[in-house]
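# What the coordinates show
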Amino acid sequence: MSAHIGVTGLAVMGANLARNLARNGFTVALHNRSVEKTDALLEKHGNDGDFVRTETLQELVDSLEKPRRVLIMVKAGKPVDSVIEQLEPLLEAGDIIIDAGNSHYEDTRRREAALAKKDLHFVGIGVSGGEEGALNGPSIMPGGSRESYDALGPLLEKIAAQVDGQPCCAWIGTDGAGHFVKMVHNGIEYADMQVIGEAFDLLRSGAGIEPAEQAKIFAEWNKGDLASFLIEISAEVLGHVDGKTGKPFVDVVVDAAGQKGTGRWTVISALELGSPTSGIAESVFARALSSQAEQRKLAQELLAGEEINVDVPETFVEDVRQALYASKLVSYAQGLDMLTSAAVEYGWDLKLDEIASLWRGGCIIRAELLKEITKAYAAEDKPANLLFAPAFTKAIAEVLPAWRRVVSTAVQLGIPVPVFSSSLAYYDGLRRKRLPAAVIQGQRDLFGAHTYGRVDAEGTFHTLWGEDKSEIEAVDTH
Ligand code: NDP
């Protein structure tokens, strides 16, 4: 019996994807560098479906129907290159190598280009949903050639999460597009988590609401337009009581947030693209600051921090909810805008409605909001920025007063709200008629003859600052 697909790398993610494929009726050939993981999977879960046990990559390749589909699920980085190197001589033109790990999109672009020269398809797939998603239905973001998706898509769409009868999987675009979109998904996830943290801090430090009570508030919020996986699990985390001390769980956990790097990748890429993803950047920096334990300890002794005593308004909880909604929306708007910039840079035809749609299920940022975002980008008249879609322009206008109140209250109380406030600054920056960038252009022209444009004339100009301050038309060489 030929297998439909082979999986090499059977640690938790590979094993769960292999089981998901088998449970959906596909015959899956199994391989792992050390055979113990293959045997452990077969022993525990062999009944999930049809598996073919193999010990070598040659056996794995020989067991597959053509075109062969080999899914690599090994440690990201060099191990992926090493496995590709071993597989390549065993495969034939038209076969498909798939990397569904957390690879950087530039690596995926490089691998795809190298394998395309050998007539092999290389498909980098972003998978979100963690272990549980891999087993029961993740959100899947495949890149690579359209032709490879025709051969692979039916399998992926079957194992993906399903929302309203639709798979959370769609072809994203060529080469590294899938891994890029997954990376930005993770960036939005960072911002989404941070704004929830900021809301918690505001409610606790600003209004004295204890975690158990907040759990109820979050559960209530989860019924409205904030409904999402992250709000749901935050209610669970906030309501959890530590078994050892009887204290709220969040009071016994060290307040230093870890990170594996995809948020950082998003910010680096945003800087390279010149994309203003300030909310995502602030959320990565907030994690970095939280981890500076030594400096934080010293700062508590050394740095002044008198707070202005303001009365928290009666509407505070509702204000925070509205500010959270606005900041969350801006994070999505910034992430999607970054995708628009990347599409131009890398020549991808990214369909933002399909991307928003496949984030509706299986992944960490799944949220009610994504239904409306999908609709906004499916419209004939696609918005240049998510915030310009009529439904969101209106929604933000409604919450804007509360958003401003919350940010100013936070500033006065000394509660850091980097994403609430930077999102508001982004919003105000976008809509402001004149920005101080004109002053910066003047400075650049003075110290570096970098030239400037005029509001009342075409062309590029330079002022002779060291001479008579007259203006000349200039050719911008900088
Ligand atoms: P690990 O990242 O822990 O990698 C372990 C696997 O890689 C084992 O099968 C191991 O084989 C194999 N391996 C390591 N080095 C080599 C090598 N040089 N040659 C061949 N095989 C090698 O596994 P995970 O299942 O945790 O993750 C797999 C991928 O999925 C990673 O890219 C990870 O970042 C990503 N991931 C994605 C998540 C998501 O939500 N999307 C969540 C978690 C992970 P052996 O048993 O022989 O050591």
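Below you will find a few notes about this structure.

Rules and cut-offs
- Residues numbered from 1 in each chain as written.
- Predicted model: local features only at pLDDT ≥ 70, side-chain atom pairs only at ≥ 80, totals over all residues.
- Heavy atoms only, no water.
- Helix = DSSP H or I, 4+ residues; strand = E, 2+ residues; numbered from the N terminus.
- Rg over C-alpha atoms; globule rule 2.2 N^0.38 Å.
- Buried < 20%, exposed > 50% of the residue type's maximum accessible area, 1.4 Å probe, protein only.
- Contact = heavy atoms within 4.5 Å.
- Areas by Shrake-Rupley, 256 points an atom, 1.4 Å probe, with all protein chains shown as cover.
- Lys, Arg positive; Asp, Glu negative; His and termini not counted.
- Charge placed at Lys NZ, Arg CZ, Asp CG, Glu CD.
- Pairing = 2+ DSSP bridges.
- Axes fitted to C-alpha atoms, helices over the stretch in contact; angles between N-to-C directions.
- Parallel < 35°, antiparallel > 145°, perpendicular 65-115°, else oblique.
- Left-handed = near helix turned anticlockwise from the far one by under 90°.
- Salt bridge = Lys/Arg side-chain N within 4 Å of Asp/Glu carboxyl O.
- Near = heavy atom within 4 Å.
- Polar contact = N/O pair within 3.5 Å; in protein donor to acceptor, adjacent residues only side chain to side chain.
- Nonpolar A, V, L, I, M, F, W, Y, C, P; charged D, E, K, R; others polar.

### Considerations on the overall build of the protein
Along the backbone of the protein there are 20 helices and 12 strands. For 478 residues, the compact-globule estimate of 2.2 N^0.38 gives 23 Å, and the C-alpha radius of gyration of the protein, at 26 Å, lies within 12% of that figure. Seen along its three principal axes, the alpha-carbon backbone of the protein occupies a region of about 80 × 70 × 50 Å. In the protein, which comprises 478 residues, the proportion classed as buried is 50%. Sequence separation of at least 24 residues holds for 66% of the intrachain contacts in the protein that already meet a minimum separation of 6. A total accessible area of about 23,000 Å² is found for the protein, and carbon and sulfur atoms account for 53% of it. Positive and negative side-chain charges of the protein, numbering 47 and 68 respectively, have mean locations separated by a distance of 2 Å.

### Quick word on the sheet that holds strand S6 (residues 121–128)
Pairing is mixed in the open sheet, where 7 strands are placed in the order S3-S2-S1-S4-S5-S6-S7. Across the chains shown, the open sheet's two edge strands, defined by having one partner strand only, are strand S3 (51–53) and strand S7 (139–142). Strand-to-strand twist of the sheet, defined as the mean angle between neighbouring strand axes without regard to direction, takes the value 25°. Pairing analysis gives 4 bridges linking strand S1 (residues 5–8) to strand S2 (residues 28–31), with the strands arranged parallel. Each bridged residue has a counterpart across the sheet, and for Thr8 the counterpart in S2 is His31. Along the sheet face, helix H4 (residues 78–87) touches S1, strand S4 (69–72), strand S5 (96–99) and S6 and points at about 155° away from the line of S4.

### A short note on the packing of helix H18 (residues 390–413) against helix H19 (residues 418–431)
Taken N-terminus to C-terminus, the directions of H18 and H19 make an angle of 130°; their axes are 11 Å apart at the nearest point. Put simply, H18 runs oblique to H19. The crossing of H18 and H19 is left-handed. Here Ile396, Leu400, Trp403, Arg404, Val406 and Val407 of H18 lie close against H19, whose contacting residues are Phe420, Ser421, Ser423, Leu424, Tyr427, Asp428 and Arg431.

### A few points about unusual backbone geometry
In this structure, Pro67 follows Lys66 across a cis peptide bond, with omega equal to -10°. You can see Pro67 is positioned in the loop between helix H3 (57–62) and S4. One non-glycine residue with positive phi stands out, namely Asp164, at about 50°. Inspection of the secondary structure assignment puts Asp164 in the loop between strand S8 (162–163) and strand S9 (166–167). What makes Asp164 exposed here is its relative accessible area of 62%. The backbone phi angle of Thr451 is positive, close to 70°, even though this residue is not glycine. Tracing the backbone through its elements, the reader meets Thr451 in the loop between helix H20 (437–448) and strand S10 (452–454). When its relative accessible area of 5% is taken as the criterion, Thr451 is described as buried.

### Looking at the sheet that holds S10
Reading across from one edge, S10-S11-S12 is the order of the 3 strands in this open sheet, with antiparallel pairing throughout. Only two strands of the sheet have a single partner each, and these edge strands are S10 and strand S12 (471–473). Averaged over neighbouring strand pairs, the angle between their axes works out to 50° when direction is ignored. The pairing of S10 with strand S11 (residues 457–463) spans 2 bridges and is classified as antiparallel. Paired with Tyr452 across the bridge in S11 is Phe461.

### Looking at the pattern of salt bridges
In this structure the tally under the stated criterion is 34 salt bridges. Among the salt bridges present, the one from Asp428 reaches Arg431, with a minimum N-O distance of 3.4 Å. Here the residue Asp428 and the residue Arg431 both occupy positions in helix H19, the gap between them amounting to 3 residues, near one helical turn. Arg431 sits in the exposed class, given a relative accessible area of 54%. Taken together, the shared-partner salt bridges connect Asp81, Asp99, Asp107, Arg110 and Arg111 into one network.

### Some words on the site of the ligand
Close contacts around the ligand come from 19 residues, with Met13, Asn32, Ser34, Lys37 and Val127 the closest. A distance of 3.5 Å separates an oxygen atom of the ligand from a polar atom in the backbone of Leu10. Between Val12 and the ligand, the recorded distance is 3.4 Å, taken from a backbone N or O atom to an oxygen atom. In isolation the ligand has 910 Å² of accessible area, and contact with the protein removes 78% of it. Contributing elements (two or more residues each) for the shell around the ligand: helix H1 (12–23) and H4. For the shell around the ligand, the class distribution of residues is 10 nonpolar, 6 polar and 3 charged.

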